[in-house]
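Spelled out, the chains give:
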Amino acid sequence: MKTKILILYLVFTWTQSFSNPDSLYNEIKYHKEQQAHYQLALTQLELAKHFYFTERNYDSTCLYTEKVVNYFTQHKNDKKLGYTYKLMGYAHNYIESYEKALQYFDSALVYLHPKEQQLSILQVHTNQGIAYNFVDNPAKAIDAFKKALDIAYALKDTSQIVINNLNTGIMYNVAGQISEAAEYLIKSIELAKQTQDTTNLIKSYIELGDIYVNQDKTDQAKTYYLQALDMLDTTSFSRTHVSLYDVLGYVNEQQKQFSEAEDWYQKAYKISKQINYKSGMAQLLYRMGILHKVKREWQSAKSDFNSALKIEKQIGSLYDQLVLKNELADIYIQIKSYERAEKSLNEVINQANENDLIRPLKQAHKLMYQCYKQTGAGTRALEHYEAYRQIEDSIYNVQQIEIVESLREQYETAEKEQTIIKLNTEKTLKEEQIKRQQQLLWSIIASAVFLVIILVLLYLQFKRKTALKRIQIQQQLFRAQLNPHFIFNALNAIKGYITAHKTDEAAEFLTDFSSLMRQTLESSIDEINSLATEIELLTAYLKLQQMRLEHEFKFLIDTASVINTENTKFPAMLLQPFVENAVEHGIKNGGSKIEIHFTEINNRLAITISDDGPGIENTKNTSTKKHHSRGMEIIKKRMQLLNKMAGWEIYYATEPLNNKQTGTVVKIDLALITLFD
């Protein structure tokens, strides 16, 4: 779902006024009677222009251009054909029939003359880019806008240079290429200011705001949006109003100002409806549905998503339809209407598979897993969870391939540029060889010294990177050492369930166990997680231990004293060995409770992990001593590496829980670092 407003008004104006439509109808009637086919075609084309430019009646424009194009095709009138196909593409863009618009633009480019009709070709490329945006093909949209921009520079058409810099920046932002987006948008803003082009200056400010939104810098984004709002003409409404009000609503929603967000969404929806902007209406209904979901207003959210779905079916965007069906299924799960959720998700899975739409398919499998898990159908839940993970892994692999390919292209481009520079330098040196022999000698000496310095620096950098890589690998090995005894016991527990014919319990245990294994593997790759991710892993680990030990103990994880666990960095899997010790030495020796508390104190994070087992002194001579010592050795080495690599300043101490020397409490103290530090 998106609302990206591109430049949809035409880039040329007509100096002549169009004839009265009544007189055109009379001319058409006369030419038919006289069988003057060429004059009839020209008059019908004039009537199509009138409907497009004067009445904005795009359906009638399409009707008359289709009549005209047949005649011009038979008589091979290329110039008229090129113009007619272009007008047909414009009209289909406005009625949001983008696939047809692209077909007509391709036909227009076949017939338009590259030298005599450069402005028309520029206009076609601009509107091609608009259509590609709405069929979710940003790469082709960027290519089209760049072609239009090249022609605009050749024609020195300032207006078109502004428009296509803006549009190229917009599409780079859509594609997630932020630096390229900023480069084109800044060009657009500078030129729009010089030419006092208020309309495009507003759009450029909106897009710069969008870049900051993508970086979660909502305050900076709001600054640009409000600048655009101050310049906006409120005497008449356009898609620009829809876009600006939409992003203002989104920023307020991200800042948890839900009432203000809904007000902006309502304003944008009202204008979209007024100007019959279907994509805008669907987008805003989706936005309001998400907002109502956040507020847990399920019926309102369901109504919004259903209304958006009806509009998307008219537009024909299957991808957006599947996104909305997933949202509806999520609501059905929340209100425990599992049959409706299952029906909606089956539709999404079938359509997504048929059309190779990966992301809606992934989300559908994830929701189906949640649905079956809540209804107790453990086996089916596991099937969909595995399908979800397979898609997630495939998406990750594709992303890695794209990254490697991008780096390869960058390398080849840089290599070509270096070759060109080298050849030019050699040519210059040859031309001035006699006059500058002494300078050349000094240049060679300087180059040799510089090369030696570079080689020394590269060698030192290589050594530093090698040492750092070795430390990182050690970190990964430490993080990956989940107790093999626990894994063995967990598999035995699953075997016990299966032997006892408790298939649902076995499936549920296996699902949770596989999820924990995946979390553990992911954490072994990432050096730093959020505190929320660490707590999620500990919760999953303790729940599995509860199931394995048949709920012999309870546990509590208290984060009430931490301001924001999502935005707090934390060394991956740092606490798991301590919690494992609490289970092995505390709970299995008679304990019944584990408590974990997180507290912020003077910009540091204090953590306590306690159990009510027999205590340290009473378990020193047990058979678990060897395991305990090895675990503590790994923990100490891990903390030393973390302190050395990133300056976490981690300290810990273990002591009895009370004066009776029973129970154990581990106190851990480390630096409090947020994602924004």
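Residues numbered from 1 in each chain as written. Predicted model: local features only at pLDDT ≥ 70, side-chain atom pairs only at ≥ 80, totals over all residues. Heavy atoms only, no water.

Time to look at the overall build of the chain. Regarding its fold elements, the chain presents 26 helices and seven strands. Across the chain, the fraction of contacts at a sequence separation of at least 24, relative to all contacts at a separation of at least 6, is 63%. Carbon together with sulfur atoms contributes 52% to the accessible area of the chain, which is approximately 36,300 Å² in total. (Helix = DSSP H or I, 4+ residues; strand = E, 2+ residues; numbered from the N terminus. Contact = heavy atoms within 4.5 Å. Areas by Shrake-Rupley, 256 points an atom, 1.4 Å probe, with all protein chains shown as cover.)

Taken together, five strands build an open sheet; the order of strands is S2-S4-S5-S7-S6 and the sheet is mixed. At either end of the open sheet lies a strand with only one pairing partner, and these are strand S2 (554-561) and strand S6 (651-656). Adjacent strand axes in the sheet meet at a mean angle of 15°, parallel and antiparallel pairs treated alike. Across eight bridges, strand S4 (residues 593-601) lies against strand S5 (residues 604-611) in antiparallel orientation. (Pairing = 2+ DSSP bridges. Axes fitted to C-alpha atoms, helices over the stretch in contact; angles between N-to-C directions.)

Turning to a nonpolar patch on the surface, a few remarks are in order. Side chains of Leu441, Trp442, Ile445, Val449, Val452, Ile453, Val456, Leu457, Tyr459 and Leu460 sit close together on the surface and give an oily, nonpolar patch of about 990 Å² of accessible area. Its place among the elements puts leucine 460 in helix H20 (residues 437-479). For leucine 460, a relative accessible area of 48% puts it in the partly exposed group. (Patch = residues over 30% accessible without salt bridge, like charges linked within 9 Å, V, L, I, M, F, W, Y side chains within 5 Å. Salt bridge = Lys/Arg side-chain N within 4 Å of Asp/Glu carboxyl O. Buried < 20%, exposed > 50% of the residue type's maximum accessible area, 1.4 Å probe, protein only.)

Now for the packing of helix H7 (residues 138-155) against helix H8 (residues 158-174). At a closest axis distance of 9 Å, the pairing of H7 and H8 adopts a crossing angle of 160°. Comparing the axis directions of H7 and H8 gives the class roughly antiparallel. As for the relative orientation of H7 and H8, their crossing is left-handed in sense. From H7, Pro138, Ala141, Ile142, Phe145, Lys146, Ala148, Leu149, Ala152 and Tyr153 reach across to H8, where they touch Gln160, Ile161, Asn164, Asn165, Asn167, Thr168, Met171, Tyr172 and Val174. For the contact of H7 with H8, the per-class residue count stands at 12 nonpolar, five polar and one charged. (Parallel < 35°, antiparallel > 145°, perpendicular 65-115°, else oblique. Left-handed = near helix turned anticlockwise from the far one by under 90°. Nonpolar A, V, L, I, M, F, W, Y, C, P; charged D, E, K, R; others polar.)

Quick look at the packing of aromatic side chains now. Within this structure, the stated rule accounts for 20 aromatic pairs. With a centroid separation of 5.9 Å and an interplanar angle of 25°, the aromatic rings of phenylalanine 51 and tyrosine 64 are classed as stacked. Highlighted residues: phenylalanine 51 in helix H2 (residues 37-55) and tyrosine 64 in helix H3 (residues 58-74), separated in sequence by 13 residues. The pair formed by phenylalanine 51 and tyrosine 64 is uniform in burial state, with each residue classed as buried. Members of the aromatic cluster, each reached through a chain of ring pairs, are Tyr52, Phe53, Tyr58, Tyr90, Tyr94 and Phe105. In this structure, lysine 67 packs its charged tip against the face of tyrosine 64, placed 4.8 Å from the ring centre. Taking the ring centre of tryptophan 264 as reference, the NZ or CZ of lysine 267 above it sits at 4.5 Å. (Phe/Tyr/Trp six-rings, centres within 6.5 Å; stacked < 30°, edge-to-face > 60°. Lys NZ or Arg CZ within 6 Å of the ring centre and 35° of its normal.)

The subject of this paragraph is the environment of isoleucine 163. Topologically, isoleucine 163 is positioned in helix H8. Remark: the alpha-carbon pair of isoleucine 163 and alanine 148, spanning 15 residues in sequence, is separated by 9.6 Å.

With that settled, the discussion passes to the confidence of the model for the chain. Mean pLDDT over the chain works out to 81, with 83% of the residues at or above the 70 mark. Here residues 2-17 scores under 50 on pLDDT; set against residues more than four positions off or in separate chains, the count is 56 contacts. (pLDDT = per-residue confidence, 0-100.)

This brings us to the pattern of salt bridges. Opposite charge on two side chains permits pairing when their charged atoms draw close. By the definition in use, this model includes 18 salt bridges. We note a salt bridge from arginine 604 to glutamate 649, for which the minimum N-O separation is 3.2 Å. Of the two residues, arginine 604 sits in strand S5 while glutamate 649 sits in the loop between helix H26 (625-646) and S6, which places them 45 residues apart along the sequence. With a relative accessible area of 41%, glutamate 649 lands in the partly exposed category. One salt-bridge network, held together by shared partners, links Glu262, Lys295 and Glu297.

Another aspect to go through is helix H1 (residues 21-34). The first and last C-alpha atoms of H1 sit 20 Å apart over 14 residues, in line with the 20 Å expected at 1.5 Å per residue. Within the span of H1, buried status applies to Leu24, Ile28 and His31. The buried residues of H1 occupy one face: seen down the axis, they fall within an arc of 70°. Set apart from the buried face of H1 by more than 90 degrees, the exposed residues are Asp22, Asn26, Lys29 and Glu33. Those residues of H1 that are buried lie in contact with H2 and H3. Phi turns positive, to about 55°, at glutamine 35, one or two residues after H1. (Expected span 1.5 Å × (residues − 1). Arc of directions from axis to C-beta.)

A few words on helix H12 (residues 239-254). The terminal C-alpha atoms of H12 lie 23 Å apart, and with 16 residues this matches the ideal 22 Å at 1.5 Å per residue to within 8%. Burial runs high along H12: 14 of the 16 residues are buried. Where H12 terminates, the next one or two residues include lysine 256, which has phi positive at roughly 65°.

Axes are the key here: two packed helices are described by the angle between their axes and the distance separating the axes. Interhelical geometry of helix H4 (residues 78-94) versus helix H6 (residues 118-134) gives an angle of 30° and a closest axis separation of 10 Å. Taken as axis vectors, H4 and H6 run roughly parallel relative to one another. Classified by chirality, the crossing of H6 by H4 is left-handed. Contacts between H4 and H6 involve Lys86, Tyr90 and Asn93 from the first element and Ser120, Gln123, Val124, Asn127, Ile130 and Ala131 from the second. Of the residues that constitute the contact of H4 with H6, the class distribution is four nonpolar, four polar and one charged.

Ranked by size, the top nonpolar core spans 121 residues in total, and within it Phe72, Leu87, Tyr225 and Leu244 carry the most contacts. The element contributing the most residues to this core is H2, with nine residues. Formed by 42 residues, the second largest nonpolar core is a distinct cluster that contains Ala506, Met517, Trp648 and Leu670. (Core = buried A, V, L, I, M, F, W, Y, C linked by side-chain atoms within 4.5 Å.)

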